Amino acid sequence: MAAIKRLRHCSGRLLFCFLFLTVWDALAGRVRYSIPEELPKGAFAGNIAQDLGLDTRELSGRGVRLVSRGRTQYFALNFQSGYLYPTERIDREQICGRLEKCLLHFEVLVEDKAKLFAVDVEITDINDNAPRFQEAQFEFRISETTAVGTRYPLEEAQDPDVGTNSLQGYQLSSNEHFSLEAQAGADADGHLDLVLQKPLDREERAVHDLILTATDGGDPVRSGTARVRVVVLDANDNAPAFSQPVYTVSVLENVPVGSLLLTVNATDADEAMHSALTYSLRKLKDKASQVFRVDARTGEISTAGNLDYEEAASYEMEVQAKDSGDLSARSKVLVTVIDVNDNLPEITVTSLTSSVSEDSPPGTVIAFINLQDLDSGPNGEVTCSIAANLPFRLQKTLDNYYSLVTDRALDRERVSGYNVTVTATDRGTPPLSSTTSISVQLSDINDNAPVFSQTSYTVSIPENNPSGASVCSVRATDRDWGENARVTYSLLEGEGREAPLSSAVSINSETGAVYALRSFDYEQLRELRFRVQARDGGSPPLRSNVSVRLLVLDQNDNSPHILHPASPSDGSTGVELAPRSSEPGYLVTKVVAVDADSGQNAWLSYQLLKATEPGLFSVGVHSGEVRTARYFVDRDGLKQSLVVLVKDNGQPPLSATVTVTVAVADSIPELLSDLSSLSAPAQPQSGLTLYLVIAVASVSSVFLTFVIALVALRLRRWRESQLLDSSSGTFSGVPVSHFVGIDGVRAFLHSYSQEASLTAGSRKKQPSFPNVSCSNTLTGQNSSEKLGPLLVGDLSNIDTVDQVSLQMLIFIRAFRRYCNSNTNKYKGNITWWTNECKGSDAFPSPSLNLPPGFDIIVRAEVLQQRLTVSLLANAVRR
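Residues numbered from 1 in each chain as written. Predicted model: local features only at pLDDT ≥ 70, side-chain atom pairs only at ≥ 80, totals over all residues. Heavy atoms only, no water.

Student: Looking at this structure, I do not really get the overall build of the chain. What am I missing?
Tutor: Helix and strand counts for the chain stand at 14 helices and 48 strands. Counting every atom, the chain has about 48200 Å² of accessible surface; 51% of that belongs to carbon and sulfur. (Helix = DSSP H or I, 4+ residues; strand = E, 2+ residues; numbered from the N terminus. Areas by Shrake-Rupley, 256 points an atom, 1.4 Å probe, with all protein chains shown as cover.)

Student: What is the right way to read the sheet that holds strand β10 (residues 167-172) from this model?
Tutor: Two pairing modes exist for strands in a sheet, parallel and antiparallel, and in both the strands are linked by backbone hydrogen bonds. An order of β8-β14-β13-β10 is seen for the four strands of this open sheet, with the pairing classed as mixed. A strand with exactly one partner marks an edge of an open sheet, and here the two such strands are β8 (137-143) and β10. Taking each pair of neighbouring strands and ignoring which way they run, the sheet shows an average axis angle of 25°. As paired elements, strand β13 (residues 207-216) and strand β14 (residues 223-233) share nine bridges and run antiparallel to each other. When the sheet's bridge partners are listed, Thr-213 is paired in β14 with Thr-225. (Pairing = 2+ DSSP bridges. Axes fitted to C-alpha atoms, helices over the stretch in contact; angles between N-to-C directions.)

Student: What am I meant to see in unusual backbone geometry here?
Tutor: It is generally the case that most residues other than glycine have a negative phi and that most peptide bonds are trans. The omega torsion across Asp-219 and Pro-220 is 10°, close enough to zero to call that bond cis. Residues Thr-429 and Pro-430 are joined by a peptide bond in cis, for which omega reads -10°. Residue Glu-38 is not a glycine yet carries a positive backbone phi of 65°. Mapped onto the secondary structure, Glu-38 falls in the loop between β1 (30-36) and β2 (46-47).

Student: Can you help me understand the environment of Val-471 in this one?
Tutor: As for its position among the elements, Val-471 is in strand β33 (residues 470-473). The exposure class of Val-471 is buried, given its relative accessible area of 13%. (Buried < 20%, exposed > 50% of the residue type's maximum accessible area, 1.4 Å probe, protein only.)

Student: Please explain the sheet that holds β2 as it appears in this structure.
Tutor: Taken together, the three strands give an open sheet; going across it, the order is β2-β5-β4, and neighbouring strands pair in antiparallel fashion. At either margin of the open sheet sits one strand with a lone partner, and together these are β2 and β4 (75-77). Looking at chain direction, β4 and strand β5 (residues 83-86) are connected through three bridges and run antiparallel. By the bridge assignment, Phe-75 is partnered in β5 with Pro-86.

Student: Just checking my understanding: could you explain the nonpolar core for this structure?
Tutor: Nonpolar side chains in soluble globular proteins generally cluster together in the buried interior. If you look at the biggest cluster of nonpolar residues, it comprises 28 residues, and the most contacted ones within it are Phe-242, Val-264, Tyr-279, Phe-292, Tyr-315 and Val-333. Setting aside its immediate chain neighbours within four residues, Phe-242 contacts Tyr-247, Val-264, Asn-265, Ala-266, Tyr-279, Val-319, Gln-320, Ala-321, Ala-329, Arg-330 and Ser-331. (Core = buried A, V, L, I, M, F, W, Y, C linked by side-chain atoms within 4.5 Å. Contact = heavy atoms within 4.5 Å.)

Student: Help me out: how do you make sense of the pattern of salt bridges in this one?
Tutor: Going through the model one piece at a time under the given rule, you end up with 21 salt bridges. Taking the shortest distance from any N to any O, the salt bridge between Asp-120 and Arg-32 comes out at 3.7 Å. A residue pair is termed long-range when its members are at least 10 positions apart, and Asp-120 in strand β7 (residues 115-124) and Arg-32 in strand β1 qualify at 88 residues. You can call Asp-120 buried: its relative accessible area is 2%. One salt bridge connects Arg-427 with Glu-381, and the closest N-O pair in it is separated by 3.5 Å. Of the two residues, Arg-427 is situated in the loop between β29 (419-426) and β30 (433-439) and Glu-381 in the loop between β25 (365-372) and β26 (382-385); the sequence distance between them amounts to 46 residues. A single salt-bridge network, built from bridges that share partners, covers Glu-156, Lys-283, Glu-318 and Arg-330. (Salt bridge = Lys/Arg side-chain N within 4 Å of Asp/Glu carboxyl O.)

Student: Help me understand the packing of aromatic side chains in this model?
Tutor: Following the criterion strictly, the structure yields 10 aromatic pairs and no others. Relative to Tyr-418, the ring of Phe-392 has its centre 5.4 Å away and its plane inclined at 85°; by these criteria the two rings are edge-to-face. Highlighted residues: Phe-392 in strand β27 (residues 392-396) and Tyr-418 in the loop between β28 (401-406) and β29, separated in sequence by 26 residues. Relative accessible area serves as the criterion here: at 8%, Phe-392 is assigned to the buried category. A connected cluster of aromatic rings, assembled from ring pairs, spans Phe-133, Phe-138 and Tyr-170. (Phe/Tyr/Trp six-rings, centres within 6.5 Å; stacked < 30°, edge-to-face > 60°.)

Student: What is the right way to read the side chain of Asp-595 from this model?
Tutor: In this structure, Asp-595 sits in the loop between β43 (592-594) and β44 (604-611). Buried charge without a salt bridge: Asp-595, with Arg-526 as the nearest opposite-charge side chain at an N-O distance of 10 Å. At 2.9 Å, the side chain of Asp-595 forms a polar contact with the backbone nitrogen of Asp-597. Not counting chain neighbours up to four residues away, the residues in contact with Asp-595 comprise Asn-558, Ser-559, Pro-560, Asn-601, Ala-602, Leu-604 and Asp-648. (Lys, Arg positive; Asp, Glu negative; His and termini not counted. Polar contact = N/O pair within 3.5 Å; in protein donor to acceptor, adjacent residues only side chain to side chain.)

Student: Would you explain the pairing of β5 in this entry?
Tutor: For a regular strand, side chains alternate in direction, first toward one face of the sheet and then toward the other. Burial of β5 is one-sided: the residues Leu-84 and Pro-86 facing one way are buried, the residues Tyr-83 and Tyr-85 facing the other way are not. With two bridges joining them, β2 and β5 adopt antiparallel strand pairing. Bridging from a neighbouring strand, Asn-47 pairs with Tyr-83 of β5. Between β4 and β5, which follow one another and run antiparallel, lie five residues, and Gly-82 among them has a positive phi close to 80°.

Student: Please clarify how the side chain of Asn-47 should be interpreted in this entry.
Tutor: For Asn-47, the location among the structural elements is in strand β2. We classify Asn-47 as buried; its relative accessible area is 12%.

Student: Explain the confidence of the model for the chain here, please?
Tutor: The predicted coordinates ought not to be read in detail in places where the model reports low pLDDT. On average, residues of the chain carry a pLDDT of 75, and 71% of them reach 70 or more. Overall, residues 822-828 carries pLDDT values under 50, and its contacts beyond four positions in sequence, including any with other chains, amount to eight contacts. (pLDDT = per-residue confidence, 0-100.)

Student: What is the right way to look at the environment of Val-67 in this model?
Tutor: Assignment of secondary structure puts Val-67 in strand β3 (residues 64-68). C-alpha separation for the pair Val-67 and His-105, spaced 38 residues apart in sequence, amounts to 9.4 Å. Residue contacts for Val-67: discarding those within four places in its chain leaves Phe-106, Glu-107, Leu-109, Thr-350 and Tyr-401.

Student: For this particular structure, what's the right way to read the environment of Phe-368?
Tutor: Here Phe-368 is to be found in strand β25. Here the alpha-carbon distance between Phe-368 and Tyr-401, two residues 33 residues apart in the chain, equals 6.8 Å. In contact with Phe-368, other than residues within four places in its own chain, are Leu-109, Ala-114, Leu-116, Thr-348, Val-349, Thr-350, Leu-352, Thr-397, Tyr-401, Tyr-402 and Ser-403.

Encoded structure:
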């Protein structure tokens, strides 16, 4: 039924066309037809022969043909019947868009009469397009406190048809909370809003799914649908507001891409996240979505593509400001494009003959020339001229048509042929011109595209290649002759490429040799695909493409990178701990390394290059695990340095080394005694570890001190209790000069210089002295005057040997304390320290020369010992 109605409608229009064309032909010499779109190929469109008064039997003999202004020939002439018929199915929306009248213009050329007839064909619209939404789903996030009557703009559906076939109305699926309201604008472009009719309750229903239907007015009616999803939120009660309802801007059509046109500004009375606005463009028609863009954060509207006055003289769109709660505001943006003289005049030559006889009379038509300029106003007014010394002239025929005719008699013997240069110049400022040449001689036509020797190319290149290295060479041949056979090569940029192809490779346009413009890195780029285009020199040129696959081969150019142990930034060495009691195979640490290469170049092996104690540790060849190889012995030092070599499997192999420091200790005091030798002078590797060690050492020291004191107390209890009592009673008030006798100690050292000795472990034991010469060396006068009481006020109950031993022990401790303080603090007398102090186990020599301040340290040591004894005595009494 729809097809029958359509044919009846077309028949009525055609009858009207025949009557109208008769009058129009008589008045203006122009023929006009009206046909509906989507007519099948070969359908009747009009009777050209009858309307122009031509005999159908002489159509082919008189050289009647159609001359189209555009690139596409939509109609053809049936020379037997004189009918005009479409050569393909015509889509009105594709040709004319939304123009109310869609006219196709062409001319009928009668060659024997040298006459042109203008023909206009109006394409009428049929309902062949259904309304369609640009987005299949609209989602709104609405607060449950939103007031009834709040509007939410919806994107209108688009229908390319016009008139009654275009979009007519909308329908919303049945629901109790929302309704649909369409508002008609002054420019026949309305607004579609989703209106809240009933308060929302998120606890009752969190999501509402609706169906929006758009229908047109055609027969039959066509429709399109979109889903509307409403998510109920909490509290955003202020919609954005623009500073002005309409923004207007004028811009030249030749502004560069990215130029800022204007900045829209909208404000939101809400605070925090609800005041953050997002800008977007709406109602972008035709190609406007590809021409304009808006910064979602700043509202700056700029060009995203090239403007062209000839395509669109103005643009109308809406900018939307939307906050986080889906409240939005819209403002209209009008962009007016100002025409500039940026289009060259186009010259179209229609040749009637390829050669002209020398006896042709003046006025013989050789060719028709059509001039077109896409600019408007004076920029689009074109004049045409040729050289004055030629036997030709230009004669204006119809609108922008000129005919090239002979001006005088021709003489072939003098000139065998002419190349007539036609110059078309517009009236713009500055004027633009274009030229073309008309030749009456035969010339080759370009009908063969270049052909590559291979269907595709796959080549390889090792990484780290030098810039400018040759990659490959492609070759294409063209079977045409002359300029049409000259092949040039170029690279085609692909879509979605991060970096331009021109930064990686180049091609010689004449030879087809492809060169690398930079050094390739396999770790960054393993494969490069691109296309090479071969283009011939014809007009229009023909092209052919071939795919090239460039493989980058890996080389061993990356050394292993050690992740653990990491090198400290301050230059210190990391320390790994290993208990002295650990068994063979104990895992001390693991060396972890990676290699950025691939394949065999990334296979890593580990090797122990150097060790303080060879054979004490071993390293896993493939795992990098550092383990003990045997039991620790006493001669093994506390600090063990291991140099581990990490090597890859490349050719040649690359390697890296790391130094691992292992501290061997069974007890905290032993570890602390050599801590300074295990750490670099800079800050420790880990402050937390040092603090923990110090804390444990402090607790251990306190515990050991308590145990020693308890043992000493047990030993003293069976001795004279009066000695402890008298010590506590006479401790105060004794002058410092009575504590130490330096001369007595020096005499003791002279006397026992050959008999006193310290073992290798003397720092853990008290020195032992022979008992034979004690009374002979230190007399009672010496003891009372020089040494004085050391630990207690009255030494009458202590024999001479004990007195001398106590004084000697205090003197040696003071001596070592002085050496340590000199070493770690100020190093006062470096000569004395070098001669006398021999490390932490230093022992005073008989010829000891005491430096300044030594007596103070001795007195401090005596006071400390007396205080300890006093405290122990008080504890015993309690």
